[in-house]
Amino acid sequence: MANLPLDSIADILSRLPVRHLLRFRCVSKLWRSLIDDPDFIQLHLRHSLKSHTNQTLILKNSELHAANLACLGLFAKLEHPLMSYHQGIKILGSCNGLLCIRNIVEDLAIWNPSTRKHQILPSLGSCNGYVYVYGFGHDPITDDYKLVKIIQLGRVDGKALDSEVKVCSLKRNRWRRIQDIPCIFSFPGANGVFANGALHWVLTQKVQLSEENVIVALDLGSENYREVPQPEYKDKRFQLNVGVLGGCLCAIANYGDVQVDLWAMKEYGVKESWTRLFSVASEDVIGFLRFVKPLAYSRSGDQILLEYDNINLFWYDLKKKKKVNDVRVPGMPLSDETEICLQSLVSLDVNRRQHNGEDNKDIKKMDDFLSEGFKLVL
Amino acid sequence: MSAATAKTKKIVLRADDNHEFEVDEAIAMEFGTVRTFFEDNPDATEEPIPLLNVSSKCLSTIIEYCKSHLAFRARDSSSSVEDEAKAYDVELVKALDNESLKEMILAANYLNMKDLLDMLNQAVADRIKNKSVEYVRRFFGIENDYSPEEEAEVRAQNEWAFEGVDPDDD
């Protein structure tokens, strides 16, 4: 009987959906160690990202419904770990298969819907009367997941805004204040977008006598702010939003709801790498062309799934250069918010490197072999 | 091999049972290990190349795979040719039983043939995806080292993952 070496087995398993991998933990103790190993989890995650697979589309109304992007006919209800108080929950961010969610009373949790594990975060209490936004992403330096809350405290007329920025991480599990965003003039209108190790918001800054859109990035590793250069727009009369697609930061320029241009920053931080992927006109869609948000690439990479007006979805074909399909699936729940969540094995267990005695021999064997091929390259 | 007759250079590959296969150079260069060997020994084209860990059965299938894919690539890169190539791969894999599939993976790994290995690994993933834990143990020849209590505990950690699994009928 031909026996495959462990690295072949790891390659094969990295292609499987999470559900099957959780079942295959029962195959043997070595397989359980492999599937639970953080390096294998990264391998699996990288494979999903590269091949545009294992993507879940989540539709939210008062409940959450999920379907595999490759198979949009079957929506299943998702049970989330927070009390919903008949108000439903909000998704604050989605990163590497983890969702950060909050309910109406500001209970917070980081949750992996694929492994059905979650961690409750300490509550900051409700900030009555204050405006705030969140952002959720991954710090590659400490391999930690961070929730950021920006609270607008007030405005002194004519001058910059007074705000407070706080961070809570999965590992540290407590809130702490970090430096504020320097000199902002208007408050971000939406939760932050995570790409390339940083959270991004669109703000306005006073530039001489006018106000200009600025994309501000908060680097989750250094917790410093920087400005991200924008594309050379021909016409600047638009509303700007940011998004993320295939790991690249996107700028969505909405020209009075008549036309929307989607730009992607192919090489993060490099202004010249901004590429206009396509334009969509209002006559191409049914309803109003508002709040266009890119969601995901299709498996082939030729099509992009987009959401607009908060409830409508369509596919845009990059090769054919046009919108191809409205997503209208029988039985598809109406939603007021859409999110893409990867199916990953990413663990919420911050002590995951601890094993009990009898597994140590297998762990050593696997650590040795995995350290050759699969250590995450930062 | 005289210069006059060598219109297309031929290379001889020898399987582990000493059976020899003569192939065009272009085909031999699809084999990563062979290509590396010639880069290090550019003059050694006369002798048969011994492929110690590859059976005749695997080698002949792999040679056919290379011939077909070279022909596909020579045509063009249109999506219809891509579809034909994919259909070829599906047929090739369909004809392999579990044992042969594993042997092919070992051979593709030894021969350093990335695309073939990728395709075969994906084929195994598709084959085992919805199968039971027992099926997977039999497929890979793995012995269960859990005690019944331990296995029940691990299973209970993700009981929901056991729903809707294909019944074991093979």
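Look up: the structure comes first, before these words.
This structure is a prediction, so every number in the text was calculated from the model and none was measured. (Residues numbered from 1 in each chain as written. Chains lettered and ligands numbered in written order. Predicted model: local features only at pLDDT ≥ 70, side-chain atom pairs only at ≥ 80, totals over all residues. Heavy atoms only, no water.)

A. A look at unusual backbone geometry. Residue and element names in this part refer to chain A. You will see that Asn54, though not glycine, has its phi angle at about 60 degrees, which is positive. For Asn54, the position within the fold is in the loop between helix H4 (38–51) and strand E1 (55–60). With a phi angle near 55 degrees, Asn173 is a residue other than glycine that sits in the positive phi range. Its location among the elements puts Asn173 in the loop between strand E10 (161–169) and strand E11 (175–178). (Helix = DSSP H or I, 4+ residues; strand = E, 2+ residues; numbered from the N terminus.)

B. Layout of the interface of chain B and chain A. Contacts between the two partners involve 39 residues from chain B and, on the opposite side, 30 residues from chain A. Both sides together, the interface formed by chain B and chain A hides about 3100 Å², and carbon and sulfur atoms give 60% of it. Our count for the contact surface shared by chain B and chain A stands at 16 residue pairs in polar contact (both at pLDDT 80 or more). Elements represented by at least two residues in the side of chain B that touches chain A include exactly helix H5 (98–110), helix H6 (114–128), helix H7 (133–140) and helix H8 (148–157) of chain B. Classifying every residue of the side of chain B that touches chain A by side-chain character gives 16 nonpolar, nine polar and 14 charged. (Contact = heavy atoms within 4.5 Å. Buried area = accessible area lost by both parts, 1.4 Å probe. Polar contact = N/O pair within 3.5 Å; in protein donor to acceptor, adjacent residues only side chain to side chain. Nonpolar A, V, L, I, M, F, W, Y, C, P; charged D, E, K, R; others polar.)

C. Geometry of the nonpolar core. Membership of the largest hydrophobic core comes to 104 residues, with the highest contact counts inside it found for Leu13 of chain A together with Leu13, Phe31, Leu120, Ile128 and Phe140 of chain B. The biggest single contributor to this core is H6 of chain B, with eight residues. (Core = buried A, V, L, I, M, F, W, Y, C linked by side-chain atoms within 4.5 Å. Buried < 20%, exposed > 50% of the residue type's maximum accessible area, 1.4 Å probe, protein only.)

D. Focus on the sheet that holds strand E23 (residues 322–326) of chain A. Residues and elements named next belong to chain A. An order of E20-E21-E22-E23 is seen for the four strands of this open sheet, with the pairing classed as antiparallel. With partners counted over all chains shown, the strands left at the sheet margins are strand E20 (293–297) and E23, one partner each. In this sheet, adjacent strand axes meet at a mean angle of 35 degrees when their direction is disregarded. By the bridge criterion, six bridges tie strand E21 (residues 303–308) to strand E22 (residues 312–317) in an arrangement that is antiparallel. By the bridge assignment for E22, Leu305 is matched with Trp315. (Pairing = 2+ DSSP bridges. Axes fitted to C-alpha atoms, helices over the stretch in contact; angles between N-to-C directions.)

E. Local environment of a nonpolar patch on the surface. All names here are of chain A. On the surface, Met83, Tyr85, Ile104 and Val105 cluster together to form a nonpolar patch covering roughly 390 Å² of accessible area. As for its position among the elements, Tyr85 is in the loop between strand E3 (76–78) and strand E4 (90–95). You can call Tyr85 partly exposed: its relative accessible area is 40%. (Patch = residues over 30% accessible without salt bridge, like charges linked within 9 Å, V, L, I, M, F, W, Y side chains within 5 Å. Areas by Shrake-Rupley, 256 points an atom, 1.4 Å probe, with all protein chains shown as cover. Salt bridge = Lys/Arg side-chain N within 4 Å of Asp/Glu carboxyl O.)

F. Representation of the packing of helix H1 (residues 6–13) of chain A against helix H3 (residues 29–36) of chain A. Residue and element names in this part refer to chain A. As a packed pair, H1 and H3 sit with axes 11 Å apart at the nearest point and diverge in direction by 55 degrees. With respect to H3, the element H1 is oriented oblique. Crossing of H1 against H3: the hand is right-handed. In this structure, H1 contributes Leu6, Ile9, Ala10 and Leu13 to the contact, and H3 contributes Leu30, Trp31, Leu34 and Ile35. Its residues assigned to classes, the contact of H1 with H3 shows eight nonpolar, no polar and no charged. (Parallel < 35°, antiparallel > 145°, perpendicular 65-115°, else oblique. Left-handed = near helix turned anticlockwise from the far one by under 90°.)

G. Spatial organisation of the sheet that holds strand E3 (residues 49–50) of chain B. Residue and element names in this part refer to chain B. Across the sheet, which stays open at both edges, the three strands sit in the order E2-E1-E3 with mixed pairing between neighbours. Every interior strand has two partners, whereas the edge strands, strand E2 (20–24) and E3, have only one. Two strands pair when backbone bridges link them, and strand E1 (residues 10–14) and E3 are joined in this way by two bridges, in the parallel orientation. The partner of Arg14 across the bridge, within E3, is Pro50. Against the sheet, helix H3 (residues 56–75) makes contact with E1 and E2, and its axis sits at roughly 10 degrees relative to E2, the strand it touches most.

Limitation: the analysis is restricted to geometry and does not speak to function.
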